[in-house]
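Single-letter residue listing:
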Number of protein chains: 6
Amino acid sequence: MRIQLINPNTTRQFTERLHVNAQAVAAAGTEIIATQPRLGTPSIESHSDEAWATLGVMAQVQAGEASGIDAYVIACFGDTGVAAAREVARGPVVGMTEAALMSACLVAATFSIITLPPRTLIHSRRVLHDLGMQHRCAGLRAIDVLVDDCREEDNQALYEALLSEARSALHEDRCEALVLGCAGLAEMVDPLQQALDVPVIEGVNAAIKMAEGLVRLGLTTSKRSSYALPPRDLGQQWPELFA
Amino acid sequence: MRIQLINPNTTRQFTERLHVNAQAVAAAGTEIIATQPRLGTPSIESHSDEAWATLGVMAQVQAGEASGIDAYVIACFGDTGVAAAREVARGPVVGMTEAALMSACLVAATFSIITLPPRTLIHSRRVLHDLGMQHRCAGLRAIDVLVDDCREEDNQALYEALLSEARSALHEDRCEALVLGCAGLAEMVDPLQQALDVPVIEGVNAAIKMAEGLVRLGLTTSKRSSYALPPRDLGQQWPELFA
Amino acid sequence: MRIQLINPNTTRQFTERLHVNAQAVAAAGTEIIATQPRLGTPSIESHSDEAWATLGVMAQVQAGEASGIDAYVIACFGDTGVAAAREVARGPVVGMTEAALMSACLVAATFSIITLPPRTLIHSRRVLHDLGMQHRCAGLRAIDVLVDDCREEDNQALYEALLSEARSALHEDRCEALVLGCAGLAEMVDPLQQALDVPVIEGVNAAIKMAEGLVRLGLTTSKRSSYALPPRDLGQQWPELFA
Amino acid sequence: MRIQLINPNTTRQFTERLHVNAQAVAAAGTEIIATQPRLGTPSIESHSDEAWATLGVMAQVQAGEASGIDAYVIACFGDTGVAAAREVARGPVVGMTEAALMSACLVAATFSIITLPPRTLIHSRRVLHDLGMQHRCAGLRAIDVLVDDCREEDNQALYEALLSEARSALHEDRCEALVLGCAGLAEMVDPLQQALDVPVIEGVNAAIKMAEGLVRLGLTTSKRSSYALPPRDLGQQWPELFA
Amino acid sequence: MRIQLINPNTTRQFTERLHVNAQAVAAAGTEIIATQPRLGTPSIESHSDEAWATLGVMAQVQAGEASGIDAYVIACFGDTGVAAAREVARGPVVGMTEAALMSACLVAATFSIITLPPRTLIHSRRVLHDLGMQHRCAGLRAIDVLVDDCREEDNQALYEALLSEARSALHEDRCEALVLGCAGLAEMVDPLQQALDVPVIEGVNAAIKMAEGLVRLGLTTSKRSSYALPPRDLGQQWPELFA
Amino acid sequence: MRIQLINPNTTRQFTERLHVNAQAVAAAGTEIIATQPRLGTPSIESHSDEAWATLGVMAQVQAGEASGIDAYVIACFGDTGVAAAREVARGPVVGMTEAALMSACLVAATFSIITLPPRTLIHSRRVLHDLGMQHRCAGLRAIDVLVDDCREEDNQALYEALLSEARSALHEDRCEALVLGCAGLAEMVDPLQQALDVPVIEGVNAAIKMAEGLVRLGLTTSKRSSYALPPRDLGQQWPELFA
């Protein structure tokens, strides 16, 4: 099975870190192909960034289709471009946010989300609302950190900020699990889980496992209406992206 | 006051029809500037189309900001790119869908939406859900017509299809007003209203009036968090669009 | 165009202040006729007050219909009597609360409401719930001030109370706009907006602009069912009010 | 225990029929005092009717307070004036609609409502929405009959209409109980229940039993905020009603 | 009329205290038969406890059916086993939680719940969600006390804990009534009500009154689908319980 | 990895069929241990059946904990006993219904459920409501078939009933995927998918894949509050079941 892990931003070294972490949780026999758009935004922290990244995600999925990919994982909290990707793809497309929230609901009655930076709270809210899981979300919190800070391999300050906000969430929200609201935090899961003694959910890896499962079950994206193939191919208008 | 009416698709003659209709309802002293993206999609009938059109809307708003526009109206049912546009704009940005739904709620207890083509039902549902107005929507219906058909100035077949679906809506949904779910249908409002004797709401013109009102009240888009200015300018990556 | 601005309470000098503010935002060609019931309550701070004021609003609309009014604005937070007014009126009827909430949703992702006095929180909640916009409302707050205090032209204490509560709302609710929950606060908008740097929405003037827009679009209140003309005229039972 | 059964319309002979039925289900030791407003509307079939009737209900409760009433039942589907009545009353106030819906939830997983005439559907929807029980309501239906028709003691046509609509509800809505959406239908309960073999709920009598229960438990209307005593007594403005 | 009050846990002396309190509020002519399962859990503080107690409730209702009981009251906050009991019973089955929440809605605009111990918050949330009354619940609180502590007749510490939490609820939640989230607290109602001057609702007694009312109205549990008689009798598998 | 697949009813040959199907989709290295309660109900078609089966599920999980099971899958539509199982288990517990609904949301915008027999519709509704996914469910349908009929290996009549109802769902509900609402239907997935050309989701196998994923991610059930270990061990009360 071949799963394409799409980092919707253009930062290649971030893609590589996601790749390593994803391959580590993948099943034997699953090949993770990690890619990022050729152009776009180095980081996704706004609706504008999302707009650029969505086209990049589409271009990546289009390339994936040409090479026989079985499923896709979109590695940005907010699930950038997932709906458009579902149109282009034949196989399943799993967003890291929806995968994280669903996983959280399977191991806990309620969860809190800790995302970053604060201006992206609206993106988390959108996914929560779209799934209807607001009543399971005990708190939606943000730490005042840029996405770049999630990319350092050894970022003690980020860890401390997450740990502190998580402790507030457990105490004030009475939540029973934590969802990390940014890609690239897989290394934080174990230390946080040990420090806090509650499930800590990282969405990229959760999405990898859900994508594997859907493929194994023979499920593909419904082409009946909302996610039918795009009515036209517009890639030639921006050949630098849709190479 | 200068309001930029953005047709998110690239069909210039459609922009012109919207322009004429909008100027006809604008207040004395309101100048309507109607534009469309230089590149993108000729029609918006899918998430993929929306992705292309969103970047086009952003480029148009960026140009509008440079020329001192007071407010923007986005003329696509589904409110393509409105969130990203709100980041780029200082003044208000009004989507035709939200304007239509709000107007409907002011003149009727419930309404039905008639959109097209059927695969875009999901886009109407998204705006309804985002505003929370599902309980006011008695029915969400689609006719099996392409957006292109809304662009003919004299399209009797489209009119008949709308009229027939509207009659079903009034009878089966017990709705009390109708929302036309596509731009470019302003000429249909009067004949439908006369035939059906209920309010028929067209969103582009509704949005023009709401935008005028917000400007007159001195309101601008909140820059506090969700719609703060974009964190970076990425336009140089696609200069053909962001000229 | 002639818009009747109905102050649902009986305090004439309050009507006059609303009139001046409304005429200042009205379009050229819009005549604002401001009236209040001949009998009723000097202030609306309870369900009982609402009951008296609703009949007064109906009487005023009935008079307006006789004199060819195009649209009505109801100037009480809680939208007193709007449903009954819609039955009596042919043209649109816009409540200041619904107009404020809709306007807020057009310029901000979330808003907080600051109303007064605390016992009227239930009236704000009712309108929020009726529109379905609870998820857009970051906080519903009240200051412990009587409606009378909103009527002083130079009320520094009220301003300070609003400013202080607004600062709490921005900080604690993470709201991105503020809705003033009482009529008669138009003069507060500019100073608050300057002090806080977020949109501050006053509903009476917002409703004037929405009413103008609906009339300009040729929309009238749906008479199909919920707001059909009243089944009987009962005005002769209380001739002092329905003169 | 003395419970005042308020018929919010002015039709005395209707009050008398309600009285007989209510006394028949009341506990030993409960005295039912049945009254109606001195002025107002002969029937409640619109928001305008509700406005008149609400003042009448307030006047009746005020009189009841003076004579030591323990609790009030409001006998109109739509719960006309219940909020205002709760301000005036010390003891509990129970609307027939809320009592019917709650009773239905206690004996069935879902219910359908059959109300009349069709224009009052919005009033039922308001109570459903206010309680949050929409998901328990399998269908909200109306028969095209005027309230007057519910007042005939031997009305075979009305019975047939209810029976026919009820059968549709059971079949099409898969509902498991029926709520009769109008006062004055107590005589219909037994024959419908025998014909249909599902619970049929009549709200006036249900409200009598709930009011008795609340009094017996020593519960009174909370005066803490929303239903605090009215801030002023305005009865002298319409002495013919508030005699 | 004979109402069986089922204490779902096995603590007989607790049953006796509930019995005394319930008989005190019952109507003349109502006989309260109080029982508890022969086997099961001494206290219900978890889903596991609920599982044991549900079978016990079913066994008790089965015995009640054999002896001609008219209605059942289930005396555990969380309404343990109510759905299964409704299948076995012909007459109405009322849970103390639903009765408490409904009663609260009849005397107050909003309420807070104080339950115990904290791990059972999820059970209260389930009933709230099932009825749809979340928007009426201003706060859901727990005190860190075991159910056993509710069984002492003279428990000053429990009273102090409730009083303190109630004061926080009134201040922080702005609630207008209080719901006691555990059976066996009937003696606390009067002192709390006097100390706090808001309605304090105890569910067991509320359920007794609702059950009496339903019986008096001739209502029985709908057997149409969800609560149809069980498809088989499995009691012989655990004869010690289903004796 | 060892996953215990619990058939909550007592029909051993049904367990075996589930086992075969589950092992077929399990990853290399996953051992499926399939069990059923020693006592209980042969089939789960009511709340009473659920009550018996819940204790059986608990007993099975308790046995699983003693033998070092990593995760559990509960194979009954309605997710019988999942909450109680989460208390007893250390590892994740996945219900087939939640797994099916989540999987459906990942491959389609909307889905319809086809369950059986009709009286169990309430159990599907409960899970939908608990997850908040009602707005994604285009239709909840039942066919009039007993669970036993799902157990025949070659059941053409059942297939025809499912196919016919599925066609109605696609046409009338405009759904984009189908969820099979009963365990034991894995063999139906391929033929239905080929006949209908939309995703058809079977929950038991979906749950197996989700459970595998959660274990691989190192996630276990949160023990913080709602699913903390049971406060007492009551198994000795029914030793025949908790052997």
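As a reminder, the structure under discussion sits directly above these lines.
Computed from a prediction, not measured in an experiment: that's the story for all the values here.

Peer 1: Would you mind going over the overall build of chain A with me for this structure?
Peer 2: For chain A, the count of helices and strands is eight helices and eight strands. With the C-alpha coordinates of chain A rotated into their principal frame, the extents come out at 50 × 35 × 35 Å. When burial is assessed residue by residue, chain A has 70% of its 243 residues classed as buried. By element, 47% of the accessible surface of chain A is carried by carbon and sulfur atoms, the whole surface being about 7,600 Å². One way to put it: in chain A the 19 positive side-chain charges average out to a point 8 Å from where the 29 negative ones average out.

Peer 1: Would you explain the relation of the copies chain F and chain A in this entry?
Peer 2: What connects the two chain copies is a rotation about an axis and a shift along it. For these two chains of identical sequence, chain F goes onto chain A by a turn of 180° and a shift of 0.0 Å along the axis, with RMSD 0.0 Å. What we have between these two chains is a two-fold relation. Measuring from the rotation axis to each C-alpha of chain F, the shortest distance belongs to F:G132, at 2.3 Å. Residue by residue, 100% of the interface of chain F is reproduced at the interface of chain A, so both copies engage with the same surface.

Peer 1: Looking at this model, I keep getting lost on the relation of the copies chain C and chain E. Mind explaining?
Peer 2: Structural alignment of chain C on chain E gives an RMSD of 0.0 Å, achieved by rotating through 120° and translating 0.0 Å along the axis. As the rotation angle and translation indicate, the two copies are arranged about a three-fold axis. Proximity to the rotation axis, assessed at the C-alpha, singles out C:H135 in chain C; its C-alpha lies 6.8 Å from the axis.

Peer 1: How should the environment of F:L162 be read in this particular structure?
Peer 2: All names here are of chain F. Along the chain, the position of L162 falls in helix α6 (residues 156–173). Through-space distance from the C-alpha of L162 to that of L229 is 40 Å; in sequence the pair is 67 residues apart. In contact with L162, not counting residues within four places along its chain, are I114, I143, L180, L185, M188 and L192.

Peer 1: When you look at the interface of chain C and chain E in this model, what are you seeing that I'm missing?
Peer 2: The partner chain E presents four residues to the six residues of chain C that form the contact. Summed over both partners, the interface of chain C with chain E buries about 340 Å², with 60% contributed by carbon and sulfur atoms. There are zero salt bridges connecting chain C and chain E. Here chain C is connected to chain E by zero residue pairs in polar contact (both at pLDDT 80 or more). Considering every element that reaches the side of chain C that touches chain E, the biggest residue donor is helix α5 (residues 121–131) of chain C, with four residues.

Peer 1: Hey, could you run me through the interface of chain F and chain A in this one?
Peer 2: Interfaces are often described in size by the accessible area the parts lose on coming together. Across the boundary between the two partners, chain F contributes 47 residues, which contact 48 residues of chain A. Overall, the association of chain F and chain A removes approximately 3,700 Å² of surface from exposure, summing both partners, and the carbon and sulfur fraction of that is 61%. Linking chain F with chain A are two salt bridges. For the salt bridge of F:R136 with A:D130, the shortest nitrogen-to-oxygen distance reads 3.8 Å. For the pair chain F and chain A, the number of links is 15 residue pairs in polar contact (both at pLDDT 80 or more). Elements with a contribution of two residues or more to the side of chain F that touches chain A: α1 (12–25), β4 (93–95), α4 (96–107), α5 (121–131), β8 (200–202) and α8 (203–216) of chain F. Broken down by element, the residue count for the side of chain F that touches chain A peaks at seven residues, all from α8(F).

So, how was this worked out
Residues numbered from 1 in each chain as written. Chains lettered and ligands numbered in written order. Predicted model: local features only at pLDDT ≥ 70, side-chain atom pairs only at ≥ 80, totals over all residues. Heavy atoms only, no water. Helix = DSSP H or I, 4+ residues; strand = E, 2+ residues; numbered from the N terminus. Buried < 20%, exposed > 50% of the residue type's maximum accessible area, 1.4 Å probe, protein only. Areas by Shrake-Rupley, 256 points an atom, 1.4 Å probe, with all protein chains shown as cover. Lys, Arg positive; Asp, Glu negative; His and termini not counted. Charge placed at Lys NZ, Arg CZ, Asp CG, Glu CD. Least-squares fit on C-alpha atoms with pLDDT ≥ 70 in both. Contact = heavy atoms within 4.5 Å. Buried area = accessible area lost by both parts, 1.4 Å probe. Salt bridge = Lys/Arg side-chain N within 4 Å of Asp/Glu carboxyl O. Polar contact = N/O pair within 3.5 Å; in protein donor to acceptor, adjacent residues only side chain to side chain.

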